[in-house]
Amino acid sequence: MSNAMPLPLYAIGLGSNRRHVRFGDPRAVLLAALAALESDDIEAVDASPIIASDPIGPSRRRYANAVALVASPLSPPEMLERLQAIEASFGRRTGQRWSARTLDLDILLWSGGTWSDAALTIPHPAIEQRAFVLGPLRAIVPEWQHPLHRRSVRQLAARLSRPKPVDRGASAH
């Protein structure tokens, strides 16, 4: 019987809106990326269904999005480095923000709570505004608490989808 500490968990966001010459359409790219995540020191725990979402910014192509839950002893900077290496292996080029991309991998949440340095912020700063992140996240870890907002993923998703009151101050005269 072992009393070893459980490995830290990471929620990794996956997105694609470009075909890959070897893997095919964005949905197939995400399936290949999920397989690429698994290694000696990254263990897949769960993965959400893949959803389609509208792009943010100038790209016109719809995205395929999913979330993977992985267990790993890697520190957040080591995990970021690994994700960037996987993106590069799929042909990701750095450049215009929100442009069409073959593969985008983001650390959304980490069981260690928060992390912040020049290269990385956990939890992902825009998580609570993005339905294409919260929907897949809710499918696999609905009760995971956002460490800053102290709300579960389920609560954040419900807040995002709730109808907003009409802004009376913005009417044109």
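Residues numbered from 1 in each chain as written. Predicted model: local features only at pLDDT ≥ 70, side-chain atom pairs only at ≥ 80, totals over all residues. Heavy atoms only, no water.

Caption draft 1: Local environment of the nonpolar core. In terms of nonpolar packing, the biggest core is built from 27 residues, with Ile 12, Val 70, Met 79, Leu 103 and Ile 107 touching the most fellow members. Residue assignment for this core shows that the elements contributing at least two residues are strand S1 (9-16), helix H1 (26-37), strand S4 (63-71), helix H2 (76-89) and strand S5 (104-110). Ranked by the residues each element gives to this core, the list is headed by H1, at six residues. Formed by 15 residues, the second largest nonpolar core is a distinct cluster that contains Leu 108, Val 133, Trp 144 and Ala 157. (Core = buried A, V, L, I, M, F, W, Y, C linked by side-chain atoms within 4.5 Å. Buried < 20%, exposed > 50% of the residue type's maximum accessible area, 1.4 Å probe, protein only. Helix = DSSP H or I, 4+ residues; strand = E, 2+ residues; numbered from the N terminus.)

Caption draft 2: Layout of the packing of aromatic side chains. In this structure the tally under the stated criterion is three aromatic pairs. Each ring, one from Phe 23 and one from Phe 90, has its centre 4.9 Å from the other, and the planes form 25°; the classification is stacked. With Phe 23 in the loop between S1 and H1 and Phe 90 in the loop between H2 and S5, this pair connects stretches of sequence that are 67 residues apart. A relative accessible area of 27% places Phe 23 in the partly exposed class. Judged by its relative accessible area of 5%, Phe 90 falls in the buried class. One aromatic cluster is present, built from ring pairs that chain together Tyr 10, Trp 110 and Trp 115. (Phe/Tyr/Trp six-rings, centres within 6.5 Å; stacked < 30°, edge-to-face > 60°.)

Caption draft 3: Up close: unusual backbone geometry. Cis geometry marks the peptide bond from Ile 122 to Pro 123; its omega dihedral reads 5°. One non-glycine residue, Arg 150, adopts positive backbone phi at about 55°. Its place among the elements puts Arg 150 in the loop between helix H3 (131-140) and helix H4 (153-161).

Caption draft 4: Representation of the pattern of salt bridges. Counted according to the given criterion, the structure contains two salt bridges. Here Asp 41 makes a salt bridge to Arg 82, at a shortest N to O gap of 2.8 Å. Of this pair, Asp 41 sits in the loop between H1 and strand S2 (43-47) while Arg 82 sits in helix H2, and the two are 41 residues apart along the sequence. Put simply, Glu 143 and Arg 154 hold a salt bridge, and the shortest N to O gap is 2.5 Å. Taken together, the positions of Glu 143 in the loop between H3 and H4 and Arg 154 in helix H4 put the pair 11 residues apart, joining distant regions of the chain. (Salt bridge = Lys/Arg side-chain N within 4 Å of Asp/Glu carboxyl O.)

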